[in-house]
Amino acid sequence: MIEYNYHTEEVPKNMRITQVSGIILNEKKQVLIYQEKNGNYRIPGGHPEKNETLEETLKREVLEEVNIIISDISYLGFQEVNGDTKDSYAQVRMLATIKSIGEERPDPAEHETYQRILIPLKELNNYLNWGSVGDEMTQQALNKIKGVE
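Every value quoted in this text rests on a predicted model; they were computed, and no experiment measured them. (Residues numbered from 1 in each chain as written. Predicted model: local features only at pLDDT ≥ 70, side-chain atom pairs only at ≥ 80, totals over all residues. Heavy atoms only, no water.)

Draft legend 1. Structural view of the pattern of salt bridges. Throughout the structure, instances matching the rule amount to six salt bridges. One salt bridge connects Arg60 with Glu61, and the closest N-O pair in it is separated by 2.9 Å. Arg60 gets classed as buried once you look at its relative accessible area, which sits at 16%. On the basis of relative accessible area, Glu61 is assigned to the buried category, the value being 8%. For Glu64, the salt bridge goes to Arg60, with nearest N and O atoms at 3.5 Å. In this pair, Glu64 and Arg60 both sit in helix H1 (residues 54-66), four residues apart, roughly one turn of the helix. Of the residues examined, Glu64 reaches a relative accessible area of 22% and is grouped as partly exposed. Connected via shared salt-bridge partners are Glu49, Glu52, Arg60, Glu61 and Glu64. (Salt bridge = Lys/Arg side-chain N within 4 Å of Asp/Glu carboxyl O. Buried < 20%, exposed > 50% of the residue type's maximum accessible area, 1.4 Å probe, protein only. Helix = DSSP H or I, 4+ residues; strand = E, 2+ residues; numbered from the N terminus.)

Draft legend 2. Up close: the pairing of strand S6 (residues 68-82). Taken across its 15 residues, S6 has 11 buried, putting it largely inside the fold. In the sheet, strand S1 (residues 3-7) pairs with S6 via five bridges, with the strands oriented antiparallel. From the neighbouring strand, His7 faces S6, where its bridge partner is Phe78. Bridge analysis of S6 against strand S7 (residues 89-101) gives 11 bridges, and the strand direction is antiparallel. Looking at S7, one finds that Tyr75 is bridged to Met94. Following S6, the chain reverses through six residues before pairing antiparallel with S7; Gly83 in that reversal takes a positive phi of roughly 110°. (Pairing = 2+ DSSP bridges.)

As structure tokens, then:
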């Protein structure tokens, strides 16, 4: 059985990072999601490449998947995944702001053009269906935004 736990501290040095995804906000504090062919909704992100920082991974993946340039990137936390491999691993979550939006175009990895959707941040987990981990991540992002304003 796979177990997911959300942590707000930094990823432990010895833990493998398999994914960096972002809650990407516009000026109205709406979050960008996209819908896959199978109907699932996602936040942009993907696998880090060798020697890439978390910020570099998120910038590259958001540009590739939804053709959006982001700024003001900050760390939220990570989802620890246990049970599907020998060792647990981390899926990092970041917060960022939309700097500019390009035309919709195919993701070079999946060759699919995703429909970009903006929703209220408080509704994010209604789309992602990530259970308590999604609720924790969303609440942390809401708290961080309130602290910044």
